Amino acid sequence: MTSTDLPSHARVVIVGGGVIGASTAYHLTKLGISDIVLLEQGQLSSGTTWHAAGLVGQLRGHSVMTRLIQYSTQLYAGLHAETGLQTGWKQCGSLSVARTDQRMTLLHRTIASARAQGVDVQELTADEAGEKWPPMRVDDLKGAIWLPGDGKANPTDLTQSLAKGARMGGTRIFEGVRVTGISQSKGRVTGVQTEQGPITADIVVNCAGQWARKLGLMCGVSVPMHSAEHMYIVTGAVPGVHPDLPVMRDPDGYIYFKEEVGGLCMGGFEPVAKPWGMNGIPDDFAFQLLEDDWDQFEILMENALIRVPGLEAAEVKKFYNGPESFTPDNNFLLGEAPELKGFFVGAGFNSMGIASAGGAGRALAEWIVEGAPTMDLWPVDIRRFAGFNNNPTWLHDRVKETLGMHYTMPWPNLEQDSARPFRRSALYNRFNAKGAVWGSKMGWERVNYFARNTAESAIEYAFGRQNWHDAAAAEHIATRTGAALFDLTSFSKLMVEGRDALAVLNRICAANLDRPVGASVYTGMLNTRGGYESDLTVFRLAEARFMVVTGSAQAVHDADWIRQNTPEDAHVWVSDVTNAWSVLAVMGPDAPALLQSLSRSDLSDAAHPFATVREIDLGYATVLANRMSYVGEAGFELFVPVEFTLGVHEALVGAGALAHAGYYALDSLRIEKGFRAWGRELTPDITPFEAGLGFAVDFTKPGGFIGRDALLALRGQPLHQRIAQFSVDDPAPQLWGGELLLRDGVPVGKVMSAAHGHSIGRPITLCRIEEPARSIDRAYLAEGAFEIDLAGARFAATWHAKPPI
Ligand SMILES: Cc1cc2nc3c(=O)[nH]c(=O)nc-3n(C[C@H](O)[C@H](O)[C@H](O)COP(=O)(O)OP(=O)(O)OC[C@H]3O[C@@H](n4cnc5c(N)ncnc54)[C@H](O)[C@@H]3O)c2cc1C
């Protein structure tokens, strides 16, 4: 359509005509929305999409991303028949090869998790892999896996085919129209401005690829991403290459290959990427490439020659150096922006936009139509980031690492190293002096464990026990037998206040918050399906003042959830006060006495019982003390005004024997006690009944709560998914989570959290069981013979009706 036909209004305006914008439009029309305008400043696919290599690999680090791509493969296979336009889809299968034993262990773990997700996968010997991929050298390989359902598509054709499907459903597509501004009123998007005039709209969708950050900045929305150069070559004929050759990945060499008109397309993900676009992405960067950079490409070329010696003699026909946007964690950004109602984002596709487009476009369209995600999308939810993540210098330094993460060995507890330290607690330097080894969550530096000697001073990654095992064990035991200090400052804290604060929060939380001032209530926030949106503690600090204490990564999400579910005329304010409070948890049987020695407030069980929070004096400081525990021992979480943190720490250390402990110990302590964690056991697809947390739901409270109807319908019904605790009988294996759970030899679920249970002397896990066709009741759990598959080896597991300690 020409820009002179530009309408003045549309229900939905999509900005960007790459594969993501086209897929979102296509899926919106499938959901019955036809009044859609898609605006593209250049031509369809002219941004990043046109030069993608087109690989479609299903297996990803997060099961939701795998599910989205599984759907993409089904969609691409049938699209031609629907629209009459080819997509170039070819289900050629893919191989991943292993050069090392560690990578082979990973592939074994991959096989188990692929099977758990219904992805067809087979293990191959090196020779079998060579038969499937004749140009490859195999004598240095340990083995491979074969995914017959993987394939490749032609990105431009796919985009045109999706766009045709969208047009058939009513979408009007305008090329050569640039969006120059976003209009808003009272916190809600109202349309876009273009060089050809404004369009009012109820919904605006930012599918602007590398330009999505800039588009976000036009309306105060953070879209944290940075571009990096990404390269591949296309060669002339290579011996052994034929049209049906599968895709092949050699992640130890950072490289991938696919057949391309008799030659090979070879590219990869080098460990240190080259950022691009530091001064912004040019508006007219359409159908363009960057200059060849053979220096940057050298590490990929060297590895490619090792794997495919025949490349040596092949002609390099074309060098593609195309920039693509990467996010801080290598997962894309989806959903309604928390800063602006009605403004949705589908961007930051980290070199997997072609593979993900089908599923991501559908998920985004459903989110737009339903007003909420229809499945667990947390790993890609834009609300996992905050405004500070949009800092351009930080993003620049982080992107160097992100691109390479596709093929970096995904060690179980791998930390990202770049652009750190970012957020630090007041005790950072003090803990460094004590040998802290840091992890990072939501940008916060958090102590994983305290090294006791140089051998423990940095994490040595492995699939088996790692070098910090004994250090974490000592911290764990100290907590169970004495007193230990955990710095939990990264907890998110939201202050919710106003005349209607109780009414609003009580409708959002499943437990009853109408408790006396000083109550500390453990509760979930549920969605209308009865699944967990968050898992948190709420302090009633005054009649109309509540502090919501939630997970480190949850501040933006939970504040958004509260605002979304607050009536417009309600007298309620939500403010993020995370930065005002340090949280020092003092836990263990000796903790109450140690704290009492520093305070004139009465900390006895009678005066300050479990699940209450009060202001107390502690040394020179006045702090909030919450009697609750995430480790299952006596103790208090101290909410300390930041300026008193150093003083409180000095007082605590001077008061008696107090161990310092980190998050690895915290995790093993909580798993032993069977405490569920949000994002692991608790997800938007799990209800309190399934999680075993029905006790934290109050069905009788006046006014009800979000999710109540769904839960009432499920109450008393058989459970088809369930969280359950299992220990492994053999003390030796190291489990990390993600392993397959079997009952009587049949896969039934997977491990969500795992640690070595230092108190019980064997591995301990929390697993999610799924049995669509039968009830998971007590008999099912008690009578089954359970095993856990650890990279192909099976270990007997014992179910615990109650935590073993
Ligand atoms: C070298 C390379 C190889 C790749 N290989 C693969 C692969 O094998 N498999 C895979 O899955 N992925 C691959 N990718 C990634 C894939 O190309 C991207 O993830 C995907 O194309 C992103 O699509 P998009 O729609 O988000 O962005 P784009 O295709 O860039 O589309 C965004 C569009 O928005 C338009 N736009 C921006 N601002 C405005 C505005 N203000 N007004 C109007 N229009 C605007 C732009 O012009 C652009 O056309 C590769 C990428 C590169 C660089």
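For the structure, see preceding data.
Starting afresh in each chain, residues are numbered from 1 along the sequence in its written order. For this predicted model, a pLDDT threshold of at least 70 governs which residues receive local features, and a threshold of 80 or more governs which side-chain atom pairs are given and counted, while totals over whole chains, interfaces and linings are taken from all residues. Side-chain figures throughout are based on the complete set of non-hydrogen atoms in the structure, without hydrogens or water.

Participant: Pulling in residues and values, what's your account of the site of the ligand?
Facilitator: When we say a residue is near a molecule or strand, we mean one of its heavy atoms is within 4 Å of it. If you check the shell around the ligand, you find 36 residues, and the closest are Glu40, Thr49, Leu55, Glu324 and Ala355. In protein, a polar contact requires one atom able to donate a hydrogen and another able to accept it; more generally it is a pair of N or O atoms within 3.5 Å, and residues adjacent in sequence count only if both atoms are side-chain atoms. Separating an oxygen atom of the ligand from a side-chain N or O atom of Glu40 is a distance of 2.7 Å. Within the backbone of Ile354, an N or O atom sits 2.9 Å from an oxygen atom of the ligand. All accessible-area figures derive from a Shrake-Rupley calculation using a 1.4 Å probe, and residue coverage is judged against the displayed protein chains alone. Relative to its free-state accessible area of 1,000 Å², the ligand is covered by the protein chains to the extent of 97%. Mapped onto the shell around the ligand, the elements with two or more residues apiece are α1 (19-30), β2 (36-40), β12 (226-237), β17 (316-326) and α8 (353-370). Under the grouping applied here, Gly and all other residues not named as nonpolar or charged are polar, the nonpolar ones being Ala, Val, Leu, Ile, Met, Phe, Trp, Tyr, Cys and Pro and the charged ones Asp, Glu, Lys and Arg. For the shell around the ligand, the per-class residue count stands at 19 nonpolar, 14 polar and three charged. Going along the chain from the N terminus, every DSSP run of H or I of four or more residues is numbered as a helix, and every run of E of two or more is numbered as a strand.

Participant: Got a sec to walk through the environment of Ala228? Specific residues and values, please.
Facilitator: With respect to the helices and strands, Ala228 occurs in strand β12. When the C-alpha atoms of Ala228 and Gly632 are compared, they prove to be 46 Å apart, with 404 residues separating the residues in sequence. If near-sequence neighbours (up to four positions away) are discounted, Ala228 is found in contact with Ala273, Lys274, Pro275, Trp276, Gly322, Pro323, Glu324, Phe326, Val399 and Leu403. Whether two residues are in contact is decided by their heavy atoms, any of which lying within 4.5 Å being enough.

Participant: Describe the sheet that holds strand β22 (residues 484-487), with residues and values.
Facilitator: In spatial order, the strands read β29-β30-β31-β28-β22-β32; together these six strands make up an open sheet with mixed pairing. Single-partner strands in this sheet number two, and they are β29 (613-618) and β32 (659-661). Direction aside, neighbouring strands of the sheet carry axes that sit 30 degrees apart on average. As defined by bridge partners, β22 adjoins β32 across three bridges and the pair is classed as parallel. Bridge pairing in β32 links Leu485 to His660. By definition, two strands form a pair when at least two bridges between them are found by DSSP. Every axis in this analysis is a line fitted to C-alpha atoms, fitted for helices over the stretch in contact. Angles between the N-to-C directions lie between 0 and 180 degrees.

Participant: Talk me through a negative patch on the surface; I want residue IDs and the actual numbers.
Facilitator: On the surface, a cluster of negative charge is contributed by Glu123, Asp127, Glu128 and Glu131. Looking at the negative patch, the element that brings in the most residues is helix α4 (residues 126-132), giving three residues. Along the chain, the position of Glu123 falls in strand β5 (residues 122-124). Patch membership is restricted to residues that have no salt bridge and whose relative accessible area is over 30%. Joining uses 9 Å for like charges and 5 Å for the nonpolar side chains Val, Leu, Ile, Met, Phe, Trp and Tyr. The term salt bridge refers to a pairing of a side-chain nitrogen on Lys or Arg with a carboxyl oxygen on Asp or Glu at a separation within 4 Å. Asp and Glu count as negative and Lys and Arg as positive, but His and the ends of the chain are not part of the count. Where a charge sits is defined by one atom per residue type, namely NZ (Lys), CZ (Arg), CG (Asp) or CD (Glu).

Participant: Can you break down the packing of α1 against helix α5 (residues 155-168) residue by residue, with the values?
Facilitator: Two numbers describe how α1 lies on α5: the axes approach to 8 Å, and their chain directions differ by 30 degrees. Comparing the axis directions of α1 and α5 gives the class roughly parallel. In terms of crossing hand, the pair formed by α1 and α5 is left-handed. Of the residues in α5, those in contact with Val19, Ala22, Ser23, Ala25, Tyr26 and Thr29 of α1 are Leu158, Thr159, Leu162, Ala163, Gly165 and Ala166. An angle below 35 degrees is treated as roughly parallel, one above 145 as roughly antiparallel, one from 65 to 115 as roughly perpendicular, and anything else as oblique. The sense of a crossing depends on the near helix, which, turned anticlockwise from the far helix by less than a right angle, makes the crossing left-handed and, turned clockwise, makes it right-handed.

Participant: Give me the lowdown on the nonpolar core, citing residues and values where you can.
Facilitator: Only buried residues count toward a nonpolar core, which is a set of Ala, Val, Leu, Ile, Met, Phe, Trp, Tyr and Cys residues joined through side-chain atoms within 4.5 Å. Type-normalised accessible area, obtained with a 1.4 Å probe on protein chains alone, sets the label of each residue: buried when under 20%, exposed when over 50%, and partly exposed for intermediate values. One finds Ile14, Val205, Leu334 and Leu377 to be the most contacted residues of the largest nonpolar core, which totals 48 residues. Listed by contribution, the elements that provide at least two residues to this core are β1 (9-15), α1, β2, α2 (63-83), α5, β11 (197-206) and α8. The element contributing the most residues to this core is α8, with nine residues. In this structure Val205 touches Val12, Val13, Ile14, Val15, Thr24, Phe344, Leu364 and Ile368, once residues within four positions along its chain are discounted. Leu6, Ala208, Phe343 and Val345 belong to the second largest nonpolar core, which has 35 residues in total.

Participant: Residue-level account of the pattern of salt bridges, with values.
Facilitator: Applying the stated criterion across every chain yields a total of 38 salt bridges. Here Asp514 makes a salt bridge to Arg540, at a shortest N to O gap of 3.3 Å. Residue Asp514 is located in the loop between α12 (501-508) and β24 (520-526), and its partner Arg540 is located in strand β25 (residues 532-542); the two are separated by 26 residues in the primary sequence. Through salt bridges with shared partners, a single network forms among Arg99, Asp140, Asp250 and Arg307.

Participant: Give me the sheet that holds strand β26 (residues 545-550): which residues, what numbers.
Facilitator: Strands sit in the order β24-β25-β26-β23-β27 across an open sheet of five strands; the sheet is antiparallel. The open sheet has two free edges, formed respectively by β24 and β27 (573-576), since each of these has just one partner strand. The average undirected angle you get between the axes of adjacent strands in this sheet is 30 degrees. Bridge analysis of strand β23 (residues 492-497) against β27 gives four bridges, and the strand direction is antiparallel. Looking at the pairing, Val496 lines up with Val574 of β27. Relative to β23, helix α13 (residues 555-564) is tilted by about 20 degrees, and along the sheet it contacts β23, β24, β25, β26 and β27.

Participant: Just give me the short version of unusual backbone geometry, but keep the residues and values in it.
Facilitator: In this model, Arg420 is joined to Pro421 through a cis peptide bond whose omega is -5 degrees. Looking at the secondary structure, you find Pro421 in the loop between α9 (392-402) and α10 (428-433). A positive phi angle, close to 65 degrees, is found at Tyr254, a residue other than glycine. Tracing the backbone through its elements, the reader meets Tyr254 in the loop between β13 (247-250) and β14 (255-260). Here the phi dihedral of Met442 falls at roughly 50 degrees; this positive angle occurs in a residue that is not glycine. Within the fold, Met442 resides in the loop between β20 (436-441) and β21 (444-450).

Participant: Summarise the layout of surface pockets; cite the residues concerned and give the values.
Facilitator: Here the term cavity refers to a set of points on a 1 Å grid, laid over the protein atoms alone, in which a 1.4 Å probe fits but cannot get out; the term pocket refers to an open set having protein on both sides within 12 Å along at least five of seven lines, with lining residues being those that place an atom within 4 Å of a point. Grid points are joined across faces, edges and corners, and a volume is the space filled by probe spheres set on the points. Each pocket or cavity is described by its volume, and for the second largest pocket that value is around 440 Å³. Lining of the second largest pocket is provided by 19 residues; of these, Lys341, Arg563, Gln564, Thr566 and Glu568 occupy positions nearest its centre. Every element with two or more residues in the lining of the second largest pocket is listed here: α13 and β27. Take the lining of the second largest pocket: its biggest share by element is three residues, from α13. Among the residues forming the lining of the second largest pocket, the class breakdown is eight nonpolar, three polar and eight charged.

Participant: Quick rundown of the packing of aromatic side chains? Include the residues and the values.
Facilitator: Stacked, edge-to-face and tilted are the three classes for Phe, Tyr and Trp ring pairs, Trp counted by its six-membered ring, which pair at centre distances within 6.5 Å; planes under 30 degrees apart are stacked, over 60 edge-to-face, the rest tilted. A complete count under the given rule lists 28 aromatic pairs for this structure. Aromatic pair Phe689 and Phe699: ring centres 6.0 Å apart, planes at 20 degrees, arrangement stacked. With Phe689 in helix α17 (residues 688-691) and Phe699 in the loop between α17 and α18 (708-714), the pair connects residues that are 10 residues apart, well separated along the chain. No difference in accessibility class separates Phe689 from Phe699, as the two residues are buried. Two conditions define a charge sitting above a ring: the NZ of Lys or the CZ of Arg must be within 6 Å of the ring centre, and it must be within 35 degrees of the ring normal. The ring centre of Trp146 lies 4.4 Å from the NZ or CZ of Lys132, which sits over that ring. Geometry around Tyr320 places Lys318 over its ring, the cationic atom sitting 5.5 Å from the centre.

Participant: With reference to specific residues and values, describe the pairing of β11.
Facilitator: Of all 10 residues in β11, seven are buried, a share of seventy percent or more. As paired strands, β1 and β11 are joined by six bridges and run parallel to one another. Across the sheet, Ile14 pairs through a bridge with Val205, a residue of β11. The pairing of strand β10 (residues 188-194) with β11 spans four bridges and is antiparallel. The partner of Gln193 across the bridge, within β11, is Pro198. The antiparallel hairpin formed by β10 and β11 contains two residues in its connecting segment.

Participant: An account of the packing of α2 against α8 is needed here, citing residue identities and associated values.
Facilitator: What describes two packed helices is the angle between their axes and the distance between those same axes. Close contact between α2 and α8 brings their axes to 7 Å; oriented N to C, the two are set at 100 degrees. The orientation of α2 relative to α8 falls into the category roughly perpendicular. Of α8, the residues touching α2 (which contributes Leu68, Ile69, Tyr71, Ser72, Leu75 and Tyr76) are Ile354, Ala355, Ser356, Ala357, Gly358, Gly359, Ala360, Arg362 and Ala363.

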